[in-house]
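Close look at the chain arrangement
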2 protein chains.
Amino acid sequence: MDENIFRSTCPISSSLDLFGDKWTLLIVRDLLYHGTRTFKDFYQSEENISSARLSERLKKLEGLQALTKENHPTNKKVYIYKLTQKGKDLAPAIIDLITWGNKYLNHHISDESKKFAANLKENREIVLKELMK
Amino acid sequence: MDENIFRSTCPISSSLDLFGDKWTLLIVRDLLYHGTRTFKDFYQSEENISSARLSERLKKLEGLQALTKENHPTNKKVYIYKLTQKGKDLAPAIIDLITWGNKYLNHHISDESKKFAANLKENREIVLKELMK
DNA sequence: ATATTTGCTTTCACATTGAAAGTAAATATA
DNA sequence: TATATTTACTTTCAATGTGAAAGCAAATAT
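I will try to describe carefully the structure that is included in this document. The model shown is predicted, which means the values in this text are computed figures rather than measured ones. (Residues numbered from 1 in each chain as written. Chains lettered and ligands numbered in written order. Predicted model: local features only at pLDDT ≥ 70, side-chain atom pairs only at ≥ 80, totals over all residues. Heavy atoms only, no water.)

1. Section: the protein's contact with DNA strand D
Neighbouring residues of DNA strand D: 23 residues in total, closest A:K76, B:S51, B:S55, B:K77 and B:Y81. Each atom of DNA strand D within 4 Å of the protein belongs either to a base or to sugar and phosphate, the latter forming 60%. B:K69 places a polar side-chain atom, nitrogen or oxygen, 3.0 Å from a phosphate oxygen of DNA strand D. When contributions to the surface near DNA strand D are tallied by element, the ones reaching two or more residues are helix 4 (51-63) of chain A together with helix 3 (39-43), helix 4 (51-63) and strand 3 (79-83) of chain B. For the surface near DNA strand D, the element with the most residues is helix 4 of chain A, which contributes five residues. Looking at side-chain class alone, the surface near DNA strand D contains seven nonpolar, seven polar and nine charged residues. (Near = heavy atom within 4 Å. Polar contact = N/O pair within 3.5 Å; in protein donor to acceptor, adjacent residues only side chain to side chain. Helix = DSSP H or I, 4+ residues; strand = E, 2+ residues; numbered from the N terminus. Nonpolar A, V, L, I, M, F, W, Y, C, P; charged D, E, K, R; others polar.)

So, in structure tokens, the structure goes:
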């Protein structure tokens, strides 16, 4: 990883240099929820990422070693993406964004997400452990 | 706030629709660390935000009611920016990004930030309470 | 043998950004 | 009281990043 992508020696600033965009953490979200994903799975998630951007972000995350890409056991055309520990360690930040979004944007959040967020609020550590395992 | 800025009914996606860029959370960071800030204070922080972008982001955060802008008590040219509760509630996500950055980008993080992050790791709830008060 | 699926890449108009310069009002200084 | 400086912006614009659509090649299904 090139050092000159970092604006300062501040850890938030540096984390945002890597994850401060609208797509990267959504890819991590999908993997936290589902464990493994294929290109098609990501592509079909409801936010409608373009294939160009998805491809680019997967490469970035792979380069960061936040996820791994492996062959599908039977289908040679399909690849399986999985989080590494480095990727899983983004779970706390992600659930805090869920909590914030659920509190302040509640009127347009789906019922399913509201339930998930309510559970999170009660059992942060348990949900975290579950997501990161 | 316009509803059509949101890509989906997912709370992470929606939070990222608001904060998924390289500058917005850094402004919140400065306010968490310092309590109050002026335009000049933000402008002089080490990441070198351009005044055009700073002005734009401050307006966005004010529009979201994540911060307030008030007159300086004696200098009519200066404005004082402060976090609202909505803004302070971003503190958990921000400290988790500090923790992640400190763990995985440690080699280029300043000693001061390393100390802060170490304390955070030991005393998450106490530091959080202190930042949000 | 042919159609479909999957995981991309390519293209390009459009949106966002960073850097620099400009501005106007308020304040400090001579 | 005149002038320099400071503060909080706005304007401009080239460079960069993005979304939507189309294209492609290998693998799989029919």
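Once you've had a look at it, read on.
2. Quick notes on the sheet that holds strand 2 (residues 67-71) of chain B
Strand pairing in a sheet relies on backbone hydrogen bonds, with the paired strands running either antiparallel or parallel. Read from one edge of the open sheet, three strands run 1-3-2 (chain B), paired in antiparallel fashion. Sheet topology places strand 1 (36-37) and strand 2 of chain B at the edges, where each strand pairs with a single neighbour. (Pairing = 2+ DSSP bridges.)

3. Observations regarding the relation of the copies chain A and chain B
In this structure, two copies of a chain are linked by a rotation about an axis accompanied by a shift along it. Superposing chain A onto chain B takes a rotation of 180° combined with a translation of 0.0 Å along the rotation axis, leaving an RMSD of 0.0 Å. Between the two chains, the operation in question is that of a two-fold axis. Mapped onto chain B, 100% of the interface residues of chain A are again interface residues, and the two copies thus contact each other with one and the same surface. (Least-squares fit on C-alpha atoms with pLDDT ≥ 70 in both. Contact = heavy atoms within 4.5 Å.)

4. Notes on the nonpolar core
Core analysis: the biggest nonpolar cluster contains 39 residues, and A:F19, A:I27, A:L61 and A:I94 have the highest contact counts within it. If we skip the residues at most four places from it in the chain, A:I27 touches A:F42, A:L54, A:R57, A:L58, A:L61 and A:L67. With 38 residues, the next largest nonpolar core counts A:C10, B:L18, B:L31 and B:L64 among its residues. (Core = buried A, V, L, I, M, F, W, Y, C linked by side-chain atoms within 4.5 Å. Buried < 20%, exposed > 50% of the residue type's maximum accessible area, 1.4 Å probe, protein only.)

5. Some remarks on the protein's contact with DNA strand C
In the vicinity of DNA strand C lie 23 residues, with A:S55, A:K59, A:K77, A:Y81 and B:K76 positioned nearest. For DNA strand C, a phosphate oxygen lies 3.0 Å from a polar atom in the side chain of B:W23. Sorting the residues of the surface near DNA strand C by element identifies helix 3 (39-43), helix 4 and strand 3 (79-83) of chain A together with helix 4 of chain B as the ones contributing at least two each. Looking at which element gives the most residues to the surface near DNA strand C, the answer is helix 4 of chain B, with five residues.

As far as function goes, none of this settles anything; it's purely spatial.
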